[in-house]
Amino acid sequence: MEIVPLGPGFAAELRGVTLEDVASDDAAYAAVRAAFEEHSVLVFRGQDVTDEIQLAFSRRFGPPEVTKVGSQGTGSHFVILSTIGPDGKVVPADHRLSLRARANQLWHTDSSFKRVPALASVLSARIIPARGGETEYVSTRVAFERLDPALRNKLQNSFAWHDYAHSRSQIAPDLASPEERAALPPQCWRMVWTNPVNGRGAIYLASHAYAVEGMEAAAGKKLIDELMEAATAAGTSYLHPWREGDVVMWDNRATMHRGRPWPAHEPRLMVRTTISATAADGVDTMHSPSTQAAE
Ligand code: OGA
Ligand code: MN
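Everything quoted here is computed from the prediction, not taken from an experiment.

Q: Hey, could you go over the overall build of the protein for me, with residue numbers and the actual values?
A: A count of helical and extended segments in the protein gives nine helices and 15 strands. Its C-alpha atoms give the protein a radius of gyration of 18 Å, within 12% of the compact-globule value 19 Å for 295 residues. Seen along its three principal axes, the alpha-carbon backbone of the protein occupies a region of about 50 × 45 × 35 Å. For the protein, buried positions account for 55% of its 295 residues. Summarising the internal contacts of the protein: among those between residues at least 6 apart in sequence, 80% fall at separations of at least 24. Only carbon and sulfur atoms are counted for the fraction: they give 54% of the accessible area of the protein, which is about 12500 Å². Looking at charge distribution, the protein has the averaged site of its 30 positive side-chain charges lying 3 Å from that of its 35 negative ones.

This is the structure we're talking about:
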């Protein structure tokens, strides 16, 4: 296996290894797992992806999430990201599926609004537009290490509230349905996720974050906005232009990502599997000692 860094300071393409190798071979898994801990975003090119292969690969890293209510693929291990309607045609720009695609274009990490946050996501390209539709990544680990030490210290002892309805409301007030709101009450997490393998901390924030525990609302929002800006500063991202056969895996503890727009009339179909974080991934250190999910 060859590791080709993509930069800046994170992200790498892995050559000479397939998803099936990882699913079936312990040594291949160990090598890819080590690269994942180190590089945070891994690109696999030229893969023969099926749902089964993607899921078998994903299971190696931990328990696969079951897709939440209100998402395409609900109840399965797959999230279907597409703007293709039931009639096989691309839906209009004001359709719920298009609005949801726009919500994915806000900087975020996956599943920080869930009771169990995610270790990793695995995304495969199935139908890609001719132009646009890239996925852009930043390292919140590199961003954390750029902050001044006083702020790093403060964040080590700070907690933020995450709510799915909050990120969706930035696109449309009722984009999160009553069922989604009921299933996904706000969650409070440390603002720094320390990787137990290498001890490196990363800012843990997303479009879902709306308040800092113990801070007045406006001041907390300001801190979140400033950190989001610092983490996504110009020149710090890796932009992935999708090709057929591409699979990208990312560490939700140490990165944020966003989808990029594409011409509204063109179809795009992506399939995601998401792996829940376990104690070995440091999730137990993320719980707030003093707060409980509201409501
Ligand atoms: C995701 C996501 C963005 C995209 O799969 O979690 O945010 O480019 N995707 O499809
Ligand atoms: Mn996402």
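Q: Outline the site of ligand 1, listing residues and values.
A: Near ligand 1, the surroundings consist of Leu 81, Asn 104, His 108, Asp 110, Leu 123, Glu 134, Thr 135, Trp 250, His 257, Gly 259, Arg 268 and Arg 272. Asp 110 has a polar side-chain atom sitting 3.1 Å from an oxygen atom of ligand 1. Measuring from an oxygen atom of ligand 1, one finds a side-chain N or O atom of Arg 268 at 2.8 Å. In this structure, ligand 1 is accommodated by the largest cavity. Partitioned by chemical class, the residues of the shell around ligand 1 number three nonpolar, five polar and four charged.

Q: Go over the coordination of the manganese ion (ligand 2), please, and point to the residues and values.
A: Protein-derived coordination of the manganese ion (ligand 2) comes from His 108 (NE2), Asp 110 (OD) and His 257 (NE2), at a distance range of 2.1 to 2.2 Å. Each donor residue of the manganese ion (ligand 2) belongs to the same chain, and together they define the spacing H-x1-D-x146-H. Taken as a pair, His 108 in the loop between helix 4 (96-103) and strand 5 (118-127) and His 257 in strand 14 (residues 255-259) lie far apart in primary sequence, 149 residues in all. A single burial state applies to His 108 and to His 257, both of which are buried.

Q: Quick rundown of helix 4? Include the residues and the values.
A: Of all eight residues in helix 4, six are buried, a share of seventy percent or more. The complete set of buried residues in helix 4 reads Leu 97, Ser 98, Leu 99, Arg 100, Ala 101 and Ala 103.

Q: Kindly report on the layout of surface pockets, identifying the contributing residues and their values.
A: Counted as a void, the largest pocket has a volume near 200 Å³. As for the largest pocket, its lining consists of Thr 83, Val 90, Val 91, Pro 92, Ala 93, Ser 98, Ala 101, Arg 102, Gln 105, Pro 261, Trp 262 and Ala 264. Each residue belonging to the lining of the largest pocket can be placed in one class, and the counts come to eight nonpolar, three polar and one charged. Size it by volume and the second largest pocket reaches roughly 160 Å³. Forming the boundary of the second largest pocket are Leu 106, Trp 107, His 166, Gln 170, Ala 206, Ser 207, Ala 209, Lys 221, Ile 224, Asp 225 and Met 228. Of the residues forming the lining of the second largest pocket, the biggest block, four residues, is contributed by helix 9 (residues 217-231).

Q: With reference to specific residues and values, describe the sheet that holds strand 12 (residues 237-240).
A: One open sheet accounts for three strands, arranged 12-6-14; its pairing is antiparallel. Of all strands in the sheet, those with a lone pairing partner are strand 12 and strand 14, marking the two edges. The sheet shows a mean angle of 20° between the axes of neighbouring strands, taken without regard to direction. Inspection of the sheet shows strand 6 (residues 135-139) paired to strand 14 by five bridges, in the antiparallel sense.

What counts, and where the lines are drawn
- Residues numbered from 1 in each chain as written.
- Chains lettered and ligands numbered in written order.
- Predicted model: local features only at pLDDT ≥ 70, side-chain atom pairs only at ≥ 80, totals over all residues.
- Heavy atoms only, no water.
- Helix = DSSP H or I, 4+ residues; strand = E, 2+ residues; numbered from the N terminus.
- Rg over C-alpha atoms; globule rule 2.2 N^0.38 Å.
- Buried < 20%, exposed > 50% of the residue type's maximum accessible area, 1.4 Å probe, protein only.
- Contact = heavy atoms within 4.5 Å.
- Areas by Shrake-Rupley, 256 points an atom, 1.4 Å probe, with all protein chains shown as cover.
- Lys, Arg positive; Asp, Glu negative; His and termini not counted.
- Charge placed at Lys NZ, Arg CZ, Asp CG, Glu CD.
- Near = heavy atom within 4 Å.
- Polar contact = N/O pair within 3.5 Å; in protein donor to acceptor, adjacent residues only side chain to side chain.
- 1 Å grid on protein atoms, 1.4 Å probe; cavity = no way out; pocket = protein on both sides within 12 Å on 5 of 7 lines; lining within 4 Å.
- Sits in = over half its atoms within 2 Å of the grid points.
- Nonpolar A, V, L, I, M, F, W, Y, C, P; charged D, E, K, R; others polar.
- Donors = N, O, S within 2.8 Å, 3.2 Å for Na, K, Ca; no water.
- Points joined across faces, edges and corners; volume = space filled by probe spheres on them.
- Pairing = 2+ DSSP bridges.
- Axes fitted to C-alpha atoms, helices over the stretch in contact; angles between N-to-C directions.

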